[in-house]
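Structural characterization, general
Okay, here's what each chain looks like letter by letter:
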Amino acid sequence: MEMNENMEKYKINAFLDNLTIREYKFAMKTIPLVLDVSMNTFHNYRRIKMGDRQDIPYEKVKQLEILFGIESDTLINVKITGKSLTQLFKGEKQRS
């Protein structure tokens, strides 16, 4: 997936858009309570863009994934990749 600065970092709005009107109204009241954040903070979470330094705390992301009934790591719009410590160490040893 192409990284676009205007793309939302998290798919919160996409999951909310799939709800019925009644479910959406319920979600908008319930989610901030479950996350123990203000309505304003929840709205800020929904607006975080790819290039923003702001992030949602890990535990809140996990709670949102549970609320939406989705698998771990599916709320974020970008796949995060990297090397393990072992891979980095092997690369370092080869340079020495």
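One can find the structure itself at the top, above this paragraph.
Predicted, not measured: the structure shown is a model, and the values here were computed from it. (Residues numbered from 1 in each chain as written. Predicted model: local features only at pLDDT ≥ 70, side-chain atom pairs only at ≥ 80, totals over all residues. Heavy atoms only, no water.)

Quick word on the nonpolar core
- Counting 17 residues, the largest nonpolar core has I12, F42 and L64 as the members making the most contacts within it.
- Looking at this core, the elements that each hand over two or more residues are α1 (12–17), α2 (21–35), α3 (39–47) and α4 (58–68).
- Sorting elements by how many residues they give to this core places α2 first, with 4 residues. (Core = buried A, V, L, I, M, F, W, Y, C linked by side-chain atoms within 4.5 Å. Buried < 20%, exposed > 50% of the residue type's maximum accessible area, 1.4 Å probe, protein only. Helix = DSSP H or I, 4+ residues; strand = E, 2+ residues; numbered from the N terminus.)

Notes on the side chain of K60
- The topology assignment puts K60 in helix α4.
- Residues within four places of K60 in sequence aside, it is in contact with L35, D36, V37 and Y45. (Contact = heavy atoms within 4.5 Å.)

What about unusual backbone geometry?
- With phi around 60 degrees, D36 is a residue other than glycine that occupies positive phi space.
- Counting through the fold element by element, D36 comes out in the loop between α2 and α3.
- Here D73, not a glycine, exhibits a phi torsion of approximately 70 degrees, which is positive.
- For D73, a relative accessible area of 51% corresponds to the exposed category.

Some remarks on α2
- Look at α2: 21 Å from first C-alpha to last across 15 residues, which is about the 21 Å you get at 1.5 Å a residue.
- Remark: the principal bend of α2, roughly 30 degrees, maps to A27.
- All of the buried residues in α2 are A27, M28, I31, P32 and L35.
- At the exit of α2 stands D36, carrying a positive phi of roughly 60 degrees. (Expected span 1.5 Å × (residues − 1). Bend = angle between axes of the 7 residues up to and from the residue.)

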